[in-house]
Amino acid sequence: MTIRILLKLFILCAVAFSCAGNNEVLLISGEGNFNYDWEFIKEPARPVSQEFFIKEGLKDSLWQKISLPHTANIEPVDSSGIHWQGISWYRKFFIVPEEYSDKSVSLQFDAAMQVAKIYLNGELIQIHNGGYLPFQVKLDGKIRFGEQCCILIELDNGDNPLVPPGKPLAGLDFNYYSGIYRNVTLLIKDKLHISDPVEANRVAGGGIMINYSEVTRESAEINIQADIVNEDSASRKAFLEFSLLSSDGISVMSGKSDISEVPGSGYSRFSHRLIVKSPRLWSAEEPELYLLKVRVLSDGQPVDSISEEIGIRTISVTPKDGLVLNGQKIMLYGTNRHQAYPYIGNALSDNAQYRDAVKIKQAGFNFVRCSHYPQSPAFLKACDRLGIFVLDPMPGWQFIGNDEFQNNSINDVHQMVRRDRNHPSVIMWEPSLNETDMPRQFMERAHQAVHEELPFKDVYTCGWVDDVYDIYIPARQHANPPYYWNRYSTTRPILTAEYGDWEYYAMNAGFNQTAFSGLKSEERSSRQLRGFGQRRLLQQAINYQESHNDNLNGNSIGDANWLMFDYKRGYAPDIESSGIMDIFRIPKFAFYFYKSQALNAEPMIFIANYWNDSLFKDVKVYSNCDEVELSLNGKVIARQKPDRDKLSANLEHPPFTFSVPVFSPGILEAKGFTGGKEVVKAERRTPGKPAKIELSSDLSGVDLVSGKNDIVFIYASVKDADGTVIPDAVLPVSFSVEGDASLIGDNPRKAEAGISSILLKAGNKPGDIKLTARSEGLMPEELIIRVK
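Thresholds applied
Residues numbered from 1 in each chain as written. Predicted model: local features only at pLDDT ≥ 70, side-chain atom pairs only at ≥ 80, totals over all residues. Heavy atoms only, no water. Helix = DSSP H or I, 4+ residues; strand = E, 2+ residues; numbered from the N terminus. Rg over C-alpha atoms; globule rule 2.2 N^0.38 Å. Buried < 20%, exposed > 50% of the residue type's maximum accessible area, 1.4 Å probe, protein only. Areas by Shrake-Rupley, 256 points an atom, 1.4 Å probe, with all protein chains shown as cover. Pairing = 2+ DSSP bridges. Expected span 1.5 Å × (residues − 1). Disulfide = S-S within 2.5 Å. Phe/Tyr/Trp six-rings, centres within 6.5 Å; stacked < 30°, edge-to-face > 60°. Lys NZ or Arg CZ within 6 Å of the ring centre and 35° of its normal. Core = buried A, V, L, I, M, F, W, Y, C linked by side-chain atoms within 4.5 Å. Polar contact = N/O pair within 3.5 Å; in protein donor to acceptor, adjacent residues only side chain to side chain. Contact = heavy atoms within 4.5 Å. Axes fitted to C-alpha atoms, helices over the stretch in contact; angles between N-to-C directions. Parallel < 35°, antiparallel > 145°, perpendicular 65-115°, else oblique. Left-handed = near helix turned anticlockwise from the far one by under 90°. Nonpolar A, V, L, I, M, F, W, Y, C, P; charged D, E, K, R; others polar. pLDDT = per-residue confidence, 0-100.

### Notes on the overall build of the protein
Across its full length, the protein carries 10 helices and 45 strands. Computed over C-alpha atoms, the radius of gyration of the protein comes to 27 Å, within 12% of the 28 Å expected from 2.2 N^0.38 for 788 residues, which places it in the range of a compact globule. Dimensions of the protein, computed from the C-alpha atoms along their principal axes, are close to 85 × 60 × 55 Å. Of all 788 residues assigned to the protein, the portion counted as buried reaches 59%. Carbon and sulfur atoms form 49% of the exposed surface of the protein, whose accessible area is close to 30800 Å².

Structure representation (structure tokens):
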């Protein structure tokens, strides 16, 4: 295929998609997004039958018009019941032109929850088990080129003890949200092409695999392995061209392989080495990325290509030296993340995934554990670009099933590694069923699966059991207070994978989460909604401070708090609220504690007191400055150094605690000084009565984009006349939108701690959209958002 033909093919694809919204049957040429013009039925009344594959065979009114990513059910945030489980159908009509009848044609599903039966033109052609990893559906040889085709996906997100995680929803600490909740892509390729790393199903093979050797500041070797598949019956000769571009688009290096014969109905592996002089090494502080381009040529013509962002780095983890990146010892300072949003479950746009990663970075973290399953490739790409280290886990939590379940789990490990192996952010793998009593043989198989897939020296597995795995990752609650580190006498490197929640909630009640005993008072818990008030939000922050400070007594490579964002789960009706941001991604006080601990950060300061309670005169200030001066209504109360107590002894930047002698409404101001100079300041005003609403959107530096099912949070803040958020305001707020966009969520919704939230979903057209928020007794507020 010539470059001119390939370019024409992509132009045709773009034109087809631009008209997709008005076409009953989508004409597709080339490779492209397959997310549009789907139809959907939840809880169909009868089994799949032939009539469903004929456009006029079933009343259109039974099918909802939808696009992907999609959730099968809009889940209430405040409901006391568990989320919906059941059968849903996704159907799409399409035509692949006859001119592509000699091509390899497949559909790539990035994820669908969790058992998928795939029908093509009325025939069941494939069943996929698993809700977190990609799968492909081969179409050539099955579709009728040039004619209308119909694909129907029957999804079942019901409890299934054979499909990891396997645990019934009623006992699960997260949710099996249904839907085709990640992207679907149509792939039209030459029969000779770079294979997909998951679909190829070859140990340490498939796709493109990268590793690095002899890495210094002066030079680095990039070792490239490419797996080329030939679906023709006759053998074909091929060679590969490689090029490497810097992050600013400058060509750094290029090369090509020798010509090799790829056998018919077979594959060949090509290897090549690029030597980069003065490489820009990837790190959390400087996440330098290169763009690697690989092109396949046959008979002198390009037939396939792939581009992948890579990061050059070295890593070693030992009990003696800890974690060493690019020759420098570092500490992991991190959090855990569940991938769900309110209402839409797991059906986040790629941009929404990026915005979550931005918040993790803004909190000061350099590390995230993707609890407890493989998360979106878009999230990992965001971590690559932002400089966030990742622990990548297999699906699993407090459950192990029979031999079939265990074999499926091991298969998940292989597929996870194949999908994610080239991300520089992924520095550790978790082939361990979290908090599960696993047989030793299973652990050995899972550990070995990672090392079989990545036969290199800088590869590390992790497990919550101090056995088999390269790194021991207990949760803090797995030991007994008050001397947590006495329990951890392992000879392995250690990372505290969870802390700050369960040990305060249930006094180390272990894993029996259905028979709580010895609970501390709710005020002592780390599970605090923003609406519970400033005293309880401060207690949550103190819990995290205390446990993180104590973690630093041990000889660990780092820790990860539980957790970043509030979330819903199966085993309890309420929101799990130990997040340092709420379910709508609004910060709690603890967010600012962590932000103050970040290394090499800009000066910051935050007053953890609303200054609206005459009985709450102790003022906690989080800052990374040397000194803080606190004043009330212009009068200096004190200028002091950070706290030095048992909760702060190991902290880089302990908080500042002030005692205000007499409460007086007004302005509380904190100024931060470094090297004797004022570098930052913040203030709190005693809130007055509700006077207005202020609308804002959470773009997190990423534009709201049309045609991508992009979604952002909208916040309506109830403020007084001076612009201060009123933290005890619970007024209902109604939202409306004009333009090509829609709202998802409770509408109206009561404000929580002065802020009401809803989701805004962009449509297919760029342009301005207008949001309006209303609350009784207040003037309506408008906000214009530009959709790209």
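### What to know about the sheet that holds strand S45 (residues 781-787)
Strands sit in the order S42-S40-S44-S45 across an open sheet of 4 strands; the sheet is antiparallel. Across the chains shown, the open sheet's two edge strands, defined by having one partner strand only, are strand S42 (749-750) and S45. The pairing of strand S40 (residues 732-738) with S42 spans 2 bridges and is classified as antiparallel. For Val733, the partnering residue across the bridge sits in S42 and is Arg749.

### Quick word on helix H9 (residues 534-551)
Taking 1.5 Å of rise per residue, 18 residues should cover 26 Å, and H9 covers 26 Å from first to last C-alpha, within 8% of that figure. Taking burial as the measure, the 18 residues of H9 include 15 buried ones, the bulk of the element.

### So, the state of the cysteines
Under the definition given, this model contains 0 disulfides. Free cysteine Cys149: the closest other cysteine sulfur is in Cys150, separated by 8.9 Å. For Cys149, a relative accessible area of 1% translates into the label buried. Classification of Cys150 as buried rests on a relative accessible area of 0%.

### Some thoughts on the sheet that holds strand S2 (residues 32-33)
Overall, antiparallel pairing links the 4 strands, which are arranged S2-S11-S6-S9 in an open sheet. Two strands bound the open sheet, and with one partner strand each, they are S2 and strand S9 (135-138). Inspection of the sheet shows S2 paired to strand S11 (residues 184-189) by 2 bridges, in the antiparallel sense. Bridged to Asn33 within S11 is Thr185.

### So, the packing of aromatic side chains
Any aromatic ring pair is given by two values, namely how distant the centres are and how the planes are angled relative to each other. Taken as a whole, this structure holds 29 aromatic pairs when the rule is applied. Taken together, a centroid distance of 6.2 Å and an interplanar angle of 85 degrees make the contact between Trp562 and Tyr567 edge-to-face. Comparing Trp562 with Tyr567, the two get one shared label, buried. Taken together, the ring pairs in this structure connect Tyr333, Phe365, Tyr499, Tyr544, Phe593, Tyr594 and Tyr622 into an aromatic cluster. The side chain of Arg91 reaches across the aromatic face of Trp63, ending 3.9 Å from its centre.

### Some words on the nonpolar core
Judged by nonpolar contacts, the single largest core of 60 residues is most densely connected at Phe365, Phe379, Trp429, Met564, Ile580, Phe589 and Tyr594. Secondary structure elements with two or more residues in this core: helix H3 (350-362), strand S25 (367-370), helix H4 (377-386), helix H5 (403-420), strand S27 (426-430), helix H6 (440-453), H9 and helix H10 (589-597). Ranked by size, the runner-up nonpolar core spans 31 residues in total, among them Tyr90, Phe94, Tyr100 and Phe145.

### Digging into the pairing of strand S44 (residues 767-774)
Bridge count between S40 and S44: 5 bridges; the pairing is antiparallel. Counterpart to Phe735 in the pairing with S44 is Ala773. Both S44 and S45 contribute to a ladder of 7 bridges, which runs antiparallel. Within S45, the position partnered with Leu771 by the bridge is Leu783. Here S44 folds back onto S45, and the loop between the two strands holds 6 residues, one of which, Gly777, carries a positive phi near 90 degrees.

### Quick look at the side chain of Asn624
Considering the arrangement of structural elements, one finds Asn624 in the loop between strand S32 (618-623) and strand S33 (627-632). For Asn624, a relative accessible area of 11% gives the class buried. At 3.0 Å, the side chain of Asn624 forms a polar contact with the backbone oxygen of Glu602. Engagement of the side chain of Asn624 in a polar contact is seen with the backbone nitrogen of Met604, the distance being 3.0 Å. Non-local contacts of Asn624, meaning those with residues more than four positions away in its chain, are made with Ser596, Ala601, Glu602, Pro603, Met604 and His653.

### A short note on the pairing of strand S16 (residues 251-256)
Where burial is concerned, little of S16 is hidden: 0 out of the 6 residues are buried. Inspection of the sheet shows strand S15 (residues 236-245) paired to S16 by 5 bridges, in the antiparallel sense. In the sheet register, Leu244 faces S16, and the bridge partner there is Met253. Here S15 hands over to S16 after 5 residues, with Gly249 in that stretch at a positive phi of 85 degrees.

### As for H10
Among the 9 residues in H10, 7 count as buried, and that is most of the element. Turning to H10, its buried residues are Phe589, Ala590, Phe591, Phe593, Tyr594, Ser596 and Gln597.

### Some points on the packing of H5 against H6
For the pair H5 and H6, interaxial distance at closest approach is 9 Å and the crossing angle is 25 degrees. Relative to H6, H5 is oriented roughly parallel. Relative to H6, the crossing made by H5 is right-handed. Residues Gln406, Asn407, Ser409, Ile410, Val413, His414, Val417 and Arg418 of H5 form the contact with H6, whose own contacting residues are Phe442, Arg445, Ala446, Ala449, Val450, Glu452 and Glu453. Of the residues belonging to the contact of H5 with H6, the class tally is 7 nonpolar, 4 polar and 4 charged.

### Notes on unusual backbone geometry
In this chain, Leu68 is followed by Pro69 through a cis amide linkage whose omega measures 0 degrees. Mapped onto the secondary structure, Pro69 falls in the loop between strand S4 (64-66) and strand S5 (87-95). Cis rather than trans, the peptide bond between Trp562 and Leu563 has omega equal to 5 degrees. Looking at where Leu563 falls in the secondary structure, it is placed in the loop between strand S30 (558-561) and H10. Residue Ser278 is not a glycine yet carries a positive backbone phi of 50 degrees. Its location among the elements puts Ser278 in the loop between strand S18 (266-277) and strand S19 (290-298). In this structure, Glu435 takes a positive phi of about 50 degrees despite not being glycine. Inspection of the secondary structure assignment puts Glu435 in the loop between S27 and H6.

### Re the packing of H9 against H10
Where H9 meets H10, the axes come as close as 8 Å, and the angle between the chain directions of the two elements is 35 degrees. Crossing of H9 against H10: the hand is right-handed. Residues Gln534, Leu537, Leu538, Gln540, Ala541, Tyr544, Gln545 and His548 of H9 form the contact with H10, whose participating residues are Phe589, Ala590, Phe593 and Tyr594. Among the residues forming the contact of H9 with H10, the class breakdown is 8 nonpolar, 4 polar and no charged.

### So, the confidence of the model for the protein
One rule of thumb: low pLDDT means the predicted coordinates there are not for detailed reading. Per-residue pLDDT for the protein has a mean of 91; in total, 92% of the residues score no lower than 70. Residue range residues 509-519 is modelled with pLDDT below 50. Its contacts to residues more than four positions away, or to other chains, number 17 contacts.

### Comments concerning the environment of Asn346
Along the chain, Asn346 turns up in the loop between strand S24 (332-337) and H3. The buried category is assigned to Asn346, whose relative accessible area is 4%. Sequence-wise, Asn346 and His70 are 276 residues apart; in three dimensions their C-alpha atoms are separated by 8.5 Å.

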